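Below are the chains, spelled out letter by letter.
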Amino acid sequence: MTAAFPMSFAQQRLCFLHRMDPTGAAHATVRCHRVTGPLDLRALREALDALVARHEPLRTVFPLGAHQHVSPDGQAHVHVVDVATESEALGHARVEAARPFDLEHGPLLRLTVLRLEPRTHFLVFAVHLLAADGGSLQVFSEDLALAYRAAVLREPTGLSELPVQYVDWAAWQREQLTASRREALSRWWRERLSGAAFFLDLVTPRPALGRGRRAHRVLPAAITRSVHALASAERQTVFTVLAAACGLVLGHPAGRERVLLGLAVANRDLPEVERVLGFFVNTVVLEVDLRGDPDFRELLTRVATSTAAAYAHKDLPFEQLVEDLSPPRDATRSPVVQVNFAYHPPHTAGALGLHGCEVTELLLDLPTAKFELTLRVEERSDGLCTLWAEFDESLFDLAFIERLLSAYEELLRTVDPGARVSSLRPARTATEEHLARIFAGVLKVASVGPYDDFFRLGGHSLQLVEVAARVRTEMGQDLGLRELYQHPTVAGAAALLERTGASR
């Protein structure tokens with residue numbers, strides 16, 4: 001008999017978002033694998049059935065309301081299609097990636113097997129985030145590998161019974177977030193983020209249509225070694241080095257000295273849930289504070305401190321944080337954070353292995369983008385790093401993203417821990433040089449740095465009119481007073497003027 005349980009806070013928010021966009025592609029993960037070798041379809045079905053039996057979220061549905069319904073049993077949904085060419089197979093995979101999920105009836109996990117030849121198959125796994133988040137995919141891949149091997153060899157899986165299921169954790173989460181605890185967390189976050197700009201504005205705001213695209217570059221092994229050496233020498237983590245560099249690279253085009261990044265936290269602190277599937281992840285805000293032109297060593301300390309503080313206060317669901325912060329409503333941008341950052345050490349990206357077969361993951365075009373921009377560093381077992389950008393191409397064009405990735409790579413290649421962050425930014429553009437002269441002339445000062453605040457230098461609102469007038473006269477461009485007021489630095493104003501060629 002189906003049992004009903006309360007949803008977690010994150011599940012409630014995701015169900016709401018799904019029903020606002022029933023296509024659901026932004027709330028799902030689709031992965032395509034080429035499998036070469038003697039794939040045993042019987043064993044694969046048995047393995048998936050074993051995982052459905054093991055993990056309740058794979059047999060859970062979400063009728064309209066505040067509860068999730070868990071069936072006592074279920075079977076995997078596997079669809080086998082014969083294809084004539086690899087191109088046809090990838091076409092099927094793209095169709096599958098765009099196919100919506102039915103939350104009320106399921107399934108939330110689908111496998112499409114595209115059979116090209118007896119020893120060549122393509123496996124397309126589609127799973128909704130309600131059933132498995134990013135951390136769950138690693139667990140899923142490892143469990144599937146064990147179950148498949150056992151089914152091929154007709155042996156027991158060796159998977160021990162799970163001590164708890166996701167619904168147990170969801171109930172525990174609600175018990176822990178008492179009214180007093182929630183208020184204390186909310187107060188801390190409001191104070192922490194006081195005065196920060198909640199919109200990064202890398203490009204001119206426009207409606208985000210969610211058209212997903214990926215770009216990447218492979219970083220040489222020398223850069224990977226250099227990052228590890230820097231982290232070790234400064235007694236910091238690799239994540240801290242990469243996140244600090246990310247904030248620094250983003251701060252320049254945005255004209256921001258406080259860069260807010262979205263950071264996904266796994267929420268798997270309890271050992272009982274380490275091997276449980278479900279939607280555990282929460283988003284926290286990581287501040288990269290560039291104020292005062294610190295050296296990179298000091299920036300690392302700031303980011304490490306900010307990371308530890310964010311993790312210590314991670315239990316406030318992000319959707320509740322947004323509600324408490326009450327940022328200005330803007331349909332063109334996500335609230336509070338628009339860029340998410342992630343780092344995957346080796347063997348944590350959910351690579352799939354199947355007994356007796358060679359498995360290679362193929363990248364599909366994203367039908368939709370989960371966020372405006374996600375920057376992800378994936379460290380590979382061969383010593384290289386892949387730097388990924390997943391972005392909404394209705395906001396960013398590929399040239400802008402490529403420049404961003406190039407700047408990130410160059411910073412990691414050349415960073416000196418003793419160098420001031422201002423010296424690590426790209427050299428001033430001609431636009432910045434001209435604007436610096438205009439700012440200095442209006443303010444009647446000798447010079448203005450790229451991140452010096454116009455108002456802190458003694459400027460007032462009426463003088464912005466003179467700045468805008470000189471920009472029009474000398475540079476032949478228009479700079480809106482409202483935008484200039486919101487970005488009162490040379491770097492911010494230059495970014496506004498240069499965005500015409502950086503966004504659509």
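Residues numbered from 1 in each chain as written. Predicted model: local features only at pLDDT ≥ 70, side-chain atom pairs only at ≥ 80, totals over all residues. Heavy atoms only, no water.

> I would appreciate a short explanation of the sheet that holds strand β5 (residues 78-82) in the present structure.
What links the strands of a sheet is backbone hydrogen bonding, and the strands pair in either a parallel or an antiparallel sense. The strand order across the open sheet built from five strands is β5-β6-β7-β2-β12, with neighbouring strands paired in mixed fashion. Sheet topology places β5 and β12 (358-362) at the edges, where each strand pairs with a single neighbour. Direction aside, the axes of adjacent strands within the sheet are offset by 20° on average. Looking at chain direction, strand β2 (residues 28-36) and β12 are connected through five bridges and run antiparallel. In the strand pairing of β12, Arg34 is matched with Thr360. Strands β5, β6 (109-117) and β7 (120-128) of the sheet are contacted by helix α2 (residues 41-54), whose axis makes an angle of about 170° with β6. (Pairing = 2+ DSSP bridges. Helix = DSSP H or I, 4+ residues; strand = E, 2+ residues; numbered from the N terminus. Axes fitted to C-alpha atoms, helices over the stretch in contact; angles between N-to-C directions. Contact = heavy atoms within 4.5 Å.)

> In this structure, what is going on with the nonpolar core? I would like to understand it.
A general tendency of soluble globular proteins is for nonpolar side chains to be buried together. If you look at the biggest cluster of nonpolar residues, it comprises 73 residues, and the most contacted ones within it are Leu250, Phe341, Leu373 and Tyr408. Excluding its chain neighbours within four sequence positions, the residues that come into contact with Phe341 are Phe239, Leu242, Ala243, Cys246, Leu261, Gly262, Leu263, Leu375, Val377 and Tyr408. Ranked by size, the runner-up nonpolar core spans 50 residues in total, among them Leu44, Ala47, Leu129 and Phe140. (Core = buried A, V, L, I, M, F, W, Y, C linked by side-chain atoms within 4.5 Å. Buried < 20%, exposed > 50% of the residue type's maximum accessible area, 1.4 Å probe, protein only.)

> Please clarify how the side chain of Thr283 should be interpreted in this entry.
Looking at the element boundaries, Thr283 is found in strand β10 (residues 282-289). Residue Thr283 is classed as buried on the basis of its relative accessible area of 19%. Not counting residues within four places of it along the chain, the set of residues in contact with Thr283 comprises Gly262, Leu263, Phe318 and Asn340.

> Whenever I open this one, the packing of aromatic side chains confuses me. Can you help?
The geometry of an aromatic ring pair is captured by two quantities: the separation of the ring centres and the angle between the planes. Going through the model one piece at a time under the given rule, you end up with nine aromatic pairs. When the centroid spacing of 4.9 Å and the interplanar angle of 65° are considered together, the rings of Trp169 and Phe280 count as edge-to-face. Here Trp169 is found in helix α5 (residues 166-176), whereas its partner Phe280 is found in the loop between β9 (258-265) and β10, with 111 residues between them in sequence. Note on Phe239 and Phe341: the rings are 5.9 Å apart at their centroids and 50° apart in plane angle, and the pair reads as tilted. Taken together, the residues span a long stretch of sequence, with Phe239 in helix α8 (residues 238-254) and Phe341 in strand β11 (residues 339-344) at a distance of 102 residues. A residue is classified by how much of its surface remains accessible, and Phe341, at 3% relative accessible area, is buried. In this structure an aromatic cluster arises from ring pairing among Phe439, Phe454, Phe455 and Tyr485. (Phe/Tyr/Trp six-rings, centres within 6.5 Å; stacked < 30°, edge-to-face > 60°.)

> Sorry, what's going on with the packing of α2 against helix α4 (residues 134-153) here?
Taken N-terminus to C-terminus, the directions of α2 and α4 make an angle of 130°; their axes are 8 Å apart at the nearest point. Relative to α4, the element α2 is oriented oblique. Where α2 crosses over α4, the handedness of that crossing is right-handed. Where α2 approaches α4, its residues Arg42, Ala43, Leu44, Glu46, Ala47, Leu48, Leu51 and Arg54 are matched on the opposing element by Phe140, Asp143, Leu144, Ala147, Tyr148, Ala151 and Val152. Grouping the amino acids of the contact of α2 with α4 by side-chain chemistry returns 11 nonpolar, no polar and four charged. (Parallel < 35°, antiparallel > 145°, perpendicular 65-115°, else oblique. Left-handed = near helix turned anticlockwise from the far one by under 90°. Nonpolar A, V, L, I, M, F, W, Y, C, P; charged D, E, K, R; others polar.)

> Would you mind showing me how to read unusual backbone geometry here?
A negative phi angle is the norm for most residues apart from glycine, just as the trans form is the norm for most peptide bonds. Note the cis peptide between Gly106 and Pro107, where omega equals -5°. With respect to the helices and strands, the residue Pro107 is situated in the loop between α3 (86-98) and β6. Phi is positive for Ser326, which is not a glycine, with a value near 50°. Tracing the chain through its elements places Ser326 in the loop between α10 (318-325) and β11. By relative accessible area, Ser326 is classed as exposed at 53%.

> Can you walk me through the side chain of Lys314 in this structure?
Its place among the elements puts Lys314 in the loop between α9 (296-312) and α10. Judged by its relative accessible area of 8%, Lys314 falls in the buried class. Apart from residues lying up to four places away in sequence, Lys314 is in contact with Val265, Asn267, Asp269, Asn282 and Val284.

Function-wise, these values are silent; they only describe arrangement.
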